[in-house]
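Close look at the chain arrangement
If you want the building blocks of each chain, they are given just below.
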Amino acid sequence: MRAQEALPRLILPLGLGALLLAAYGLDLGASLSYRRDAVLDGRYWLLLSGQFVHIDLAHVSLNAAGLILIWLLWSEQLRTFNGMFIGIWSALSVAFALLLIHPQIVGYAGFSGVLHGLAAGGALLGLRRQPRFNALFLVLLAAKLGWELWGSAPSPHAFDVIVEAHAWGAGGGVIAATMLLTCRRRTASGLAGC
């Protein structure tokens, strides 16, 4: 890929990465991170805002780098509506799973759940064009998530990694991509409803 082709593909992830870094730089983590007790007291925006704030500079840098990598691999699949739909669905999946299914998780900050959703959704949407690469990626992602959830994956970070967010984000990405594929097939078949 030539440089003039790569730059437009990087505008969205670089912009979102800059937003993540700005949120970190403004030190909004304490006031905007997901805190279960605050959500239950009516601060519902923390369900989503917590996914845009980070623990430290290494955390936000890893998430920004992950976003750029995902965009480089699946920018065609995650263009405009698809990427927004999968990202929002993944964010909501993480938020409501933490609130309703994992009450023991009382705090969360970071974009990694959404990143797992974007990667899973992008790979699922890309199966037709690059079946071997995307199928292998999905298998490896499932193995990674299984290892994180049921294995003994130690955190390489100075903070606890909420691996449940990774799993629910990936699940949300798969569900959203499946809805998009179903809608695409219905539209191609001349069926209404999408």
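Small disclaimer: the values here were computed from a predicted structure and weren't measured. (Residues numbered from 1 in each chain as written. Predicted model: local features only at pLDDT ≥ 70, side-chain atom pairs only at ≥ 80, totals over all residues. Heavy atoms only, no water.)

Helix and strand content of the chain: nine helices and two strands. For the chain, the α and β elements follow one another from N to C terminus as α-α-β-α-α-α-α-β-α-α-α. Relative to its 194 residues, the chain shows a buried fraction of 42%. Pairs at least 24 apart in sequence give 74% of the contacts found in the chain among residues at least 6 apart. As displayed, the chain has an accessible area near 10700 Å², and 69% of this comes from carbon and sulfur atoms. (Helix = DSSP H or I, 4+ residues; strand = E, 2+ residues; numbered from the N terminus. Buried < 20%, exposed > 50% of the residue type's maximum accessible area, 1.4 Å probe, protein only. Contact = heavy atoms within 4.5 Å. Areas by Shrake-Rupley, 256 points an atom, 1.4 Å probe, with all protein chains shown as cover.)

It is worth spelling out the side chain of N134 at this point. Structurally, the position occupied by N134 is in helix α8 (residues 131-150). Taking the relative accessible area as the measure of exposure, N134 reaches 1% and is therefore buried. Within polar-contact distance, the side chain of N134 engages the backbone oxygen of Q130 at 3.0 Å. (Polar contact = N/O pair within 3.5 Å; in protein donor to acceptor, adjacent residues only side chain to side chain.)

Residues I70, W74, L78, I86, L118 and L125 are the most contacted members of the largest nonpolar core, which totals 19 residues. Examining the composition of this core, we find that seven residues originate from one element, helix α7 (residues 112-125), more than from any other. Those residues in contact with L78, other than ones at most four positions away along the chain, are I70, W71, G83, I86, L118 and G122. In terms of nonpolar packing, the next biggest core, distinct from the first, is built from 13 residues, L46, V94, L99 and A165 among them. (Core = buried A, V, L, I, M, F, W, Y, C linked by side-chain atoms within 4.5 Å.)

Turning our eyes to something else, we now look at the packing of α7 against helix α9 (residues 163-188). Two elements in contact, α7 and α9, have axes whose closest approach is 7 Å; the angle formed by their N-to-C orientations is 35°. Crossing geometry of α7 relative to α9 is assigned as right-handed. Where α7 approaches α9, its residues S112, G113, H116, G117, A120, G121, L124 and L125 are matched on the opposing element by A165, H166, G169, A170, G173, V174, A177, T178, L180, L181 and R184. By residue class, the composition of the contact of α7 with α9 is nine nonpolar, nine polar and one charged. (Axes fitted to C-alpha atoms, helices over the stretch in contact; angles between N-to-C directions. Left-handed = near helix turned anticlockwise from the far one by under 90°. Nonpolar A, V, L, I, M, F, W, Y, C, P; charged D, E, K, R; others polar.)

Take the pattern of salt bridges next. When the charged atoms of two side chains lie near each other, side chains of opposite charge can form a pair. According to the stated counting rule, one finds two salt bridges in the structure shown. A salt bridge links E76 to R129; the shortest N-O distance between them is 1.8 Å. With E76 in the loop between α5 (57-74) and α6 (80-100) and R129 in the loop between α7 and α8, this pair connects stretches of sequence that are 53 residues apart. Given the relative accessible area of 43%, E76 is considered partly exposed. Between E148 and K144 there is a salt bridge, and its shortest N-O distance comes to 2.6 Å. A residue pair is termed a helical-turn pair when its members lie 3 or 4 positions apart in one helix, as E148 and K144 do in helix α8 at four residues. (Salt bridge = Lys/Arg side-chain N within 4 Å of Asp/Glu carboxyl O.)

So, about α7. When the terminal C-alpha atoms of α7 are compared, their 20 Å separation across 14 residues agrees well with the 20 Å that a helix rising 1.5 Å per residue should span. In terms of residue burial, α7 counts as a mostly covered element, since 14 of its 14 residues are buried. (Expected span 1.5 Å × (residues − 1).)

With that settled, consider the confidence of the model for the chain. Per-residue confidence for the chain averages 84 on the pLDDT scale, and 79% of its residues sit at or above 70. Per-element confidence in the chain is highest for α7, whose mean pLDDT is 97, and lowest for helix α1 (residues 3-25), whose mean pLDDT is 56. (pLDDT = per-residue confidence, 0-100.)

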